Amino acid sequence: METKSRTLEITVLSAEDLRIDNKSVKKNSFVVVWTDSYNYKMTKVDAEGGNFPSWNDELTMDMPMHTRFVALQVKCKASGGGDKTVGTARIPVTDFIGGFSPENRLQFLSYRLRDSKGLKNGIANVSVRVKEALQTCSSQAAASGLGIPIDGRKDSGVVTGIPIWNMDIHLLLCLHDFHGNTFSKLYKITNQGFFLSFVFRN
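Residues numbered from 1 in each chain as written. Predicted model: local features only at pLDDT ≥ 70, side-chain atom pairs only at ≥ 80, totals over all residues. Heavy atoms only, no water.

## Examining unusual backbone geometry
- Even without a glycine there, the phi angle at aspartate 21 is positive, about 55°.
- With respect to the helices, strands and loops of the structure, aspartate 21 is situated in the loop between strand 2 (19-20) and strand 3 (23-24).
- Using a relative accessible area of 64% as the deciding quantity, one classes aspartate 21 as exposed.
- Phi is positive for asparagine 56, which is not a glycine, with a value near 55°.
- Here asparagine 56 lies in strand 6 (residues 54-64).
- According to the relative accessible area criterion, asparagine 56 is exposed, its value standing at 51%. (Helix = DSSP H or I, 4+ residues; strand = E, 2+ residues; numbered from the N terminus. Buried < 20%, exposed > 50% of the residue type's maximum accessible area, 1.4 Å probe, protein only.)

## Things to note about the pattern of salt bridges
- Enumeration over the complete set of coordinates arrives at four salt bridges.
- Glutamate 9 is paired through a salt bridge with arginine 129; the nearest N and O atoms lie 3.4 Å apart. Note that glutamate 9 is positioned in strand 1 (residues 5-16) and arginine 129 in strand 10 (residues 120-130), a separation of 120 residues in sequence.
- A relative accessible area of 12% places glutamate 9 in the buried class.
- Note that lysine 44 and aspartate 57 form a salt bridge whose closest N and O atoms lie 2.8 Å from each other. Of this pair, lysine 44 sits in the loop between strand 5 (40-42) and strand 6 while aspartate 57 is found in strand 6, placing the two residues 13 residues apart along the sequence.
- Residue lysine 44 is classed as partly exposed on the basis of its relative accessible area of 41%.
- Under the relative-accessibility criterion, aspartate 57 is labelled buried at 16%. (Salt bridge = Lys/Arg side-chain N within 4 Å of Asp/Glu carboxyl O.)

## With respect to the pairing of strand 10
- Most of strand 10 sits out of view: nine of its 11 residues are buried.
- Pairing of strand 9 (residues 107-114) with strand 10 involves eight bridges; the strand directions are antiparallel. Across the sheet, the residue bridging to tyrosine 111 is alanine 124, located in strand 10. (Pairing = 2+ DSSP bridges.)

This is a description of form; function is not addressed.
Right, dumping it as structure tokens:
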């Protein structure tokens with residue numbers, strides 16, 4: 001029988017440099033996570049963190065098999081009542097399922113937040129895991145691989161990591177973009193098969 005949904009475990013960790021109309025958010029921020037238009041959950045409100053809030057809220061959610069993106073929407077409570085949207089990020093499902101991204105492995109991801117005008121309003125940090133083994137998997141996701149964009153660049157340079165499970169290793173990659181700049185990324189793979197992949201999407 002074909003599985004109609006996955007169980008997604010996503011921990012909303014923190015955010016950095018939250019802004020609205022180029023002004024720093026002062027307090028009362030929270031995050032809404034959507035796996036589709038019917039499935040969403042919210043974190044608690046961080047009343048003290050200002051524009052660098054921390055939640056560390058673990059949310060367990062159903063994620064339909066047809067889902068291509070998980071949406072993060074950072075909001076804050078307005079002083080006059082209601083909520084204001086700080087920014088939104090869309091996490092491609094292929095960032096944590098398919099290719100060299102093993103199932104049931106914890107992955108740490110960071111994404112740029114943008115407002116309705118496309119302006120950069122901060123960064124959201126999360127960890128993601130597909131909690132249960134999948135009976136079926138999208139062939140498109142399985143074939144796509146996991147591309148890691150070079151930090152802060154809009155060019156097409158990517159690097160793909162291949163995990164090795166029988167030893168502890170640290171892999172340091174030196175990347176060169178098309179502008180001649182050099183970047184370093186550090187990856188760790190443990191002998192328990194616990195895969196940490198750090199991805200930043202601008």
